[in-house]
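Here are the chains, one letter per residue:
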Amino acid sequence: KIMMQILQEKGIVENFEFKFRVKSGRERFGILTSAIINLDGEKHILSLTQDITERRKSEERLRLLSTALESAANSIVITDHESTIIWANEAFSKLTGYALDEVIGKKPRDLVYSGIHPPEFYEHMWKTILSGNEWHGEIINKRKNGSLFNELLTITPVRDDKNAIRNFIAVKQDISEQKKAEEELRNAKEEAEESNR
């Protein structure tokens, strides 16, 4: 009814989404473009329809994944194959102190590099991920304000349909409090052992 009303008023309806049921009773989604055309003095309706059910499902999956990534408690950073940040979630911003618009287009090393680890540490990391393998380990990084933090880091290479590495996804868990608690426990044990001597 709505589509016919628009068609009569404007003479054309473009990209009108609608639901329909197929013979099996399953619900599908379609998109319709219709126009009133004159042929030999008579008005006719020309319509083109397309089933967009799979596209709608893909869009819904993408929306769901995007929401999950945005709301994740762990920091998530996606870079291109040259390690330039193309996306980061809010948790990364909270952890590092950088606003999201400050990180896009930058390399993680230019933002959070602490200088604590020897060059071999990073060489091993890069050798692992450039060979297509996942790297997992603890790392000390630096916030925007200069303070250091410990994180558990996993970097996963993402390949394209030609098997070339196109992106890296880094998932980072702040373990600073855990490391602090471990250090306090270690110190307490050492003090207890010292006093028992």
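Definitions and limits used
Residues numbered from 1 in each chain as written. Predicted model: local features only at pLDDT ≥ 70, side-chain atom pairs only at ≥ 80, totals over all residues. Heavy atoms only, no water. Buried < 20%, exposed > 50% of the residue type's maximum accessible area, 1.4 Å probe, protein only. Helix = DSSP H or I, 4+ residues; strand = E, 2+ residues; numbered from the N terminus. Pairing = 2+ DSSP bridges. Axes fitted to C-alpha atoms, helices over the stretch in contact; angles between N-to-C directions. Contact = heavy atoms within 4.5 Å. Polar contact = N/O pair within 3.5 Å; in protein donor to acceptor, adjacent residues only side chain to side chain.

**Some remarks on the pairing of strand β4 (residues 75-80)**
Thought 1: Extensive coverage of β4 is indicated by the burial of 5 of its 6 residues.
Thought 2: Pairing between β4 and strand β8 (residues 165-174): 6 bridges, direction antiparallel. In the strand pairing of β8, D80 is matched with N167.
Thought 3: Pairing analysis gives 3 bridges linking β4 to strand β5 (residues 85-88), with the strands arranged antiparallel. Each residue of the ladder has a partner; that of T79, found in β5, is I85.
Thought 4: Here β4 folds back onto β5 in antiparallel fashion, the turn holding 4 residues, of which S83 has a positive phi close to 70°.

**Quick word on the pairing of strand β6 (residues 135-142)**
Thought 1: By the alternation rule, side chains of β6 split into W135, G137, I139 and N141, which are all buried, and H136, E138, I140 and K142, of which none is buried.
Thought 2: Pairing analysis gives 8 bridges linking β6 to strand β7 (residues 148-159), with the strands arranged antiparallel. Bridge pairing in β7 links N141 to F149.
Thought 3: Once β6 ends, the chain turns through 5 residues before running back antiparallel as β7, passing G146 with a positive phi of about 95°.

**Notes on the sheet that holds strand β1 (residues 12-21)**
Thought 1: The strand order across the open sheet formed by 3 strands is β1-β2-β3, and the pairing between neighbours is antiparallel. Where the open sheet ends on each side, the last strands, each with one partner, are β1 and β3 (42-51). The mean inter-strand angle of the sheet, taken between neighbouring strand axes irrespective of direction, is 30°.
Thought 2: Where strand β2 (residues 27-39) meets β3, 10 bridges bridge the pair, whose relative direction is antiparallel. Note on β3: the bridge partner recorded for I36 is I45.
Thought 3: Sitting on the sheet, helix α1 (residues 2-10) touches β1, β2 and β3, and the angle it makes with β1 is about 170°.

**As for the environment of T96**
Thought 1: Within the element layout of this structure, T96 appears in helix α3 (residues 90-96).
Thought 2: Setting aside residues no more than four positions away along its own chain, T96 makes contact with V112, R143, K144 and F149.
Thought 3: A distance of 2.8 Å separates a polar side-chain atom of T96 from the backbone oxygen of F92.

**Some thoughts on the sheet that holds β4**
Working definition: the strands of a sheet are paired by backbone hydrogen bonds and lie parallel or antiparallel to each other.
Thought 1: Strand order in the open sheet formed by 5 strands is β5-β4-β8-β7-β6, and the pairing between neighbours is antiparallel. Each edge of the sheet is formed by a strand with only one pairing partner; in this case those strands are β5 and β6. Taken over all neighbouring pairs, the strand axes of this sheet differ in orientation by 30° on average, direction set aside.
Thought 2: Packed onto the sheet, helix α6 (residues 119-130) meets β6, β7 and β8 and runs at close to 135° relative to β6.

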